[in-house]
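Geometric and topological summary
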Amino acid sequence: MPLLYKAFHGGSPVFFLAVSFIIGIAVSSAIGHFVSQLWVEIPLFLFIVFLLWLLLRRKGASVSMLPVALVAMLFVLLGFIAYALHASAPDVVWPKSKKLWCGNIVSVSETKATKRCVVALVAYKEGNRRVRVREQVVVSILKRARPSCRLRPGEALMFYARIGNPGPYVLPNGFDYAKWLRRNGIAGTCFVTNRWMRLSAESSEKLLQRQSLLMRCRLRSLQLREKLLGQYARLPADSAGRKVLAALTLGDKSGMTSSIRELYARTGTSHVLALSGLHLGMLISLLMLLLRPLLRFKRLKLPVFLSAIALIWCFAFLTGLSISLLRSAVMYTLWCLFMCRGRHGRSLNNLALAAFLLLIVHPDTLFDVGFQLSFLSVLAILSGMPMLDVLLPPTRKGRVFIDFLFVSVVAQLATAPLVAYCFNSFPVYSILSNCIAVPCTCLLLVFSLLYFMCSGFSFMQELVGRVLACVLDVLHGGLSAVARLPFSSLWVSPSWLSVCVCYVVLVLLFVLLRRKCESMLRARVPCC
């Protein structure tokens, strides 16, 4: 049976379609510069040629492969067209002169000389009238004018500047800053010296009501996150510990220093600082562990999984609805829905459907490093867990620890070539450091939720705060010890061809191991 036919009619047809769609996006991105005027004609021509080639083959092969090939080429074509339409969208035409702009602050980060604010614009003044605009821009404000003024998400900002489109700005390591801004929905940049002011709370609320529904939800979530961050100020921990806790539990990395980032990069634990599927998976696993006795009753199965979905989106809302967490929230929501219907929740179809939905809305997401790393790691884990079930039965003692170690090793192997290519570093002791960071992150998530729940009881909150401070000390001390080991991080600079070779080798090893596990499973089944 042909491999293509087997892949489509196997257990993961959505995965097959998603891969075809991704191939179309990748091809469109690679050759889109040369066929900007023929982005429909060329794929259609290739589709017709491929169809004729299939029809001219032997009759037996064409009958089995023709429907699958047609579906595959259709989704490749859809991916090609989706990215071509997205890439051909014109840039925003900004006024050529300086204008008075107003909008709500989405996020704030600081450098030595400036405050960089992402602002969701509402309008600008043109003579005696206001022109409505709904775009996000990066506003760089000179700090020396008002160094003590603190800006927070949700507040209204009025400034006088000339906004321009993100220009071509590529860093020495190849990172295209302008393209990164466009992928994150930022349409312009500007620089402001002292002609700006923060509006009152009443004006901020009025401007917020004029934002789109999605932006209002995001700004509300960011305002709630700011209130929760204020409670961390009472923790009996140092400033660095509170900043790490804010990043691990609420996704606020604005206060992260270069030394903290370097420590987590050298130890291969930077992923715990970015809220993603790891953090959501910990919370869902804890909830399922607590509610596991209720799953024995069929009538309570639906309420249990609906509560899990509610927890997923409440956590996403509390942490500011970040893009990386939204990806994971969609995937875990699909997992819960499949489990409600009695289907296997660990299927590759769930992962593929989440990726497919995200790429339809925003095809450029495929080239986001966070998207690639998160889906590569989850794909490796989902593909490898059935083999572990064959080697070690789930009922075996110590399986929880083995699962944790297996997931860490597989995720590190799957993402190591891409991490080396994107960040030019290879953490040698990443498995050891993750054995410290992942359990500590789980404890910090659980006790931080308890910390917020005890906000009305000062004694209980102080007690939970001391536990959080102890866990932070263990985390920082353990990672610092790993970072001091010899050759803890190696500087590498692989080419894209080397990365492809590494993934080909990994896929071949996976195929060999899977065949070995299948032969072991067949040997265990008694012959009738």
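Conventions adopted
- Position numbers for residues count from 1 along each chain, tracking the sequence in the order it is written.
- Confidence filtering applies because this is a predicted model: local features only for residues at pLDDT of at least 70, side-chain atom pairs given and counted only at 80 or more, and all residues used for totals across whole chains, interfaces and linings.
- With hydrogens and water excluded, all non-hydrogen atoms of the structure serve as input to the side-chain values.
- Here a strand is any run of E in DSSP of at least two residues, a helix any run of H or I of at least four, and the numbering for each starts at the N terminus.
- Burial classification: accessible surface area is computed with a 1.4 Å probe over protein chains only, and a residue below 20% of its type maximum counts as buried, one above 50% as exposed, and the rest as partly exposed.
- Contacts are assigned to residue pairs that have any heavy atoms within 4.5 Å of one another.
- Reported accessibility uses the Shrake-Rupley method at a 1.4 Å probe radius. Residues are deemed covered only where the shown protein chains occlude them.
- Each cavity reported here is a set of points on a 1 Å grid over the protein atoms alone in which a 1.4 Å probe fits but cannot get out, each pocket an open set with protein on both sides within 12 Å along at least five of seven lines, and each lining residue one with an atom within 4 Å of a point.
- Grid points are joined across faces, edges and corners, and a volume is the space filled by probe spheres set on the points.
- Between the rings of Phe, Tyr and Trp (Trp by its six-membered ring), a pair exists once the centres lie within 6.5 Å; its type follows the angle of the planes, with under 30 degrees stacked, over 60 edge-to-face, and the other angles tilted.
- By nonpolar core is meant a set of buried Ala, Val, Leu, Ile, Met, Phe, Trp, Tyr and Cys residues that side-chain atoms within 4.5 Å join together.
- Within this document, salt bridges are pairs made up of a side-chain nitrogen of Lys or Arg and a carboxyl oxygen of Asp or Glu, the two lying within 4 Å of each other.
- The arc in question is the one spanned by the directions pointing from the helix axis to the C-beta atoms.
- Fitted lines through C-alpha atoms serve as axes, helices being fitted only where they are in contact, and the angles separating the N-to-C directions of these axes extend from 0 to 180 degrees.
- Each residue is assigned to one of three groups, with Ala, Val, Leu, Ile, Met, Phe, Trp, Tyr, Cys and Pro labelled nonpolar, Asp, Glu, Lys and Arg labelled charged, and all others, Gly among them, labelled polar.
- Two strands are counted as paired when DSSP detects at least two bridges linking them.
- Take the residue count of a helix, subtract one, and multiply by 1.5 Å to get its expected span.
- Throughout, a crossing is termed right-handed when the near helix is turned clockwise from the far one, and left-handed when it is turned anticlockwise from it by less than a right angle.
- In the analysis that follows, any N or O atom pair within 3.5 Å is treated as a polar contact, provided that within protein one partner can donate a hydrogen and the other can accept it, and provided that, for residues neighboring in sequence, both atoms belong to side chains.

**Things to note about the overall build of the protein chain**
Along the protein chain, the regular secondary structure elements total 18 helices and nine strands. Residue burial in the protein chain is summarised as follows: out of 528 residues, 41% are buried. Across the protein chain, every contact between residues at least 6 apart in sequence was considered, and the portion connecting residues at least 24 apart equals 71%. Here the protein chain has roughly 29300 Å² of accessible surface; of this, 67% comes from carbon and sulfur atoms.

**Some thoughts on empty space enclosed by the protein**
Per the counting criterion, the structure on display carries one cavity of 30 Å³ or more. Taken as a whole, the largest cavity spans an internal volume of roughly 70 Å³. Surrounding the largest cavity, Leu-228, Tyr-232, Thr-249, Leu-250, Leu-283, Phe-315, Leu-318, Leu-445, Ser-448, Leu-449 and Phe-452 form its lining. Looking at the lining of the largest cavity, the elements with two or more residues in it are α8 (239-250), α11 (298-318) and α16 (430-453).

**Structural notes on the packing of aromatic side chains**
Following the criterion strictly, the structure yields nine aromatic pairs and no others. Ring centres 5.9 Å apart and planes at 50° place the aromatic pair Phe-75 and Phe-356 in the tilted group. Placement of Phe-75 in helix α4 (residues 59-87) and of Phe-356 in helix α13 (residues 348-361) is noted, with a sequence separation of 281 residues between them. For Phe-356, a relative accessible area of 18% translates into the label buried. Site record: aromatic cluster; members linked through ring pairs are Phe-21, Phe-75 and Phe-356.

**Describing the nonpolar core**
The biggest cluster of nonpolar side chains holds 43 residues, and the ones touching the most others in it are Leu-280, Ile-312, Phe-315 and Phe-371. When contributions to this core are tallied by element, the ones reaching two or more residues are α2 (13-31), α4, α10 (277-290), α11, α12 (323-340), α13, α14 (369-391) and α16. Among all residues touching Leu-280, those that are not within four sequence positions of it are Ile-312, Phe-315, Leu-325, Ser-328, Ala-329 and Tyr-332. Formed by 30 residues, the second largest nonpolar core is a distinct cluster that contains Tyr-232, Leu-235, Ala-469 and Leu-479.

**Topic: the pattern of salt bridges**
Evaluation of the coordinates by the stated rule reveals eight salt bridges. For Arg-225, the salt bridge identified is with Asp-252, shortest N-O distance 4.0 Å. A residue pair is termed long-range when its members are at least 10 positions apart, and Arg-225 in helix α7 (residues 213-231) and Asp-252 in the loop between α8 and α9 (258-266) qualify at 27 residues. Both residues of the pair, Arg-225 and Asp-252, count as buried. Ionic pairing is found between Glu-462 and Arg-466, a salt bridge with its closest N-O pair at 3.3 Å.

**Focus: the environment of Tyr-124**
Within the secondary structure, Tyr-124 is located in strand β2 (residues 114-126). The class for Tyr-124 is buried, based on a relative accessible area of 14%. Along the primary structure Tyr-124 and Gly-103 are separated by 21 residues, whereas in three dimensions their C-alpha atoms are 9.0 Å apart. Not counting residues within four places of it along the chain, the set of residues in contact with Tyr-124 comprises Pro-95, Lys-99, Leu-100, Trp-101, Arg-129, Arg-130, Val-131 and Val-133.

**Focus: α9**
Listing the buried residues of α9 in full gives Ile-260, Leu-263 and Tyr-264. In an axial view of α9, the angular spread of the buried residues amounts to 90°, which keeps them on one side of the axis. Where α9 is buried, its residues touch α8 and α17 (458-483).

**Details of the packing of helix α6 (residues 201-209) against α7**
In contact at an axis separation of 10 Å, α6 and α7 are set at 145° when each is read in the N-to-C sense. Mapping the contact onto sequence places Glu-205, Leu-208 and Gln-209 in α6 and Arg-216, Leu-219, Arg-220 and Gln-223 in α7. Among the residues forming the contact of α6 with α7, the class breakdown is two nonpolar, two polar and three charged.

**So, the pairing of strand β1 (residues 99-110)**
By the bridge criterion, six bridges tie β1 to strand β5 (residues 156-161) in an arrangement that is antiparallel. Paired with Asn-104 across the two strands is Ala-156, which belongs to β5. Here β1 runs beside β2; their pairing, made up of ten bridges, is antiparallel. The residue of β2 that forms the bridge with Ser-109 is Arg-116. Counting the residues in the hairpin turn of β1 and β2 gives three residues.

**Points about the side chain of Glu-226**
For Glu-226, the position within the fold is in helix α7. For Glu-226, a relative accessible area of 19% corresponds to the buried category. Setting aside residues up to four positions removed in sequence, Glu-226 forms contacts with Arg-150, Arg-152 and Pro-153.

**Quick notes on α16**
Over its 24 residues, α16 runs 34 Å from end to end, which matches the ideal 34 Å to within 8%, given 1.5 Å per residue. Every buried residue belonging to α16 is among Ser-430, Ser-433, Asn-434, Ala-437, Val-438, Cys-440, Thr-441, Leu-444, Leu-445, Ser-448, Tyr-451 and Phe-452, and all of these are buried.

**Brief notes about the packing of α10 against α12**
For the pair α10 and α12, interaxial distance at closest approach is 9 Å and the crossing angle is 35°. Crossing of α10 against α12: the hand is right-handed. Between α10, through Gly-277, Leu-280, Gly-281, Ile-284 and Met-288, and α12, the contact on the second element is made entirely by Leu-325, Ser-328, Ala-329, Tyr-332 and Trp-335. In terms of residue class, the contact of α10 with α12 is made up of seven nonpolar, three polar and no charged.

**Some remarks on the side chain of Arg-225**
A residue is classified by how much of its surface remains accessible, and Arg-225, at 10% relative accessible area, is buried. There is a polar contact of 3.4 Å between the side chain of Arg-225 and the backbone oxygen of Thr-319. Contacts of Arg-225, omitting those with residues within four sequence positions, involve Leu-250, Gly-251, Asp-252, Leu-318, Thr-319 and Gly-320.

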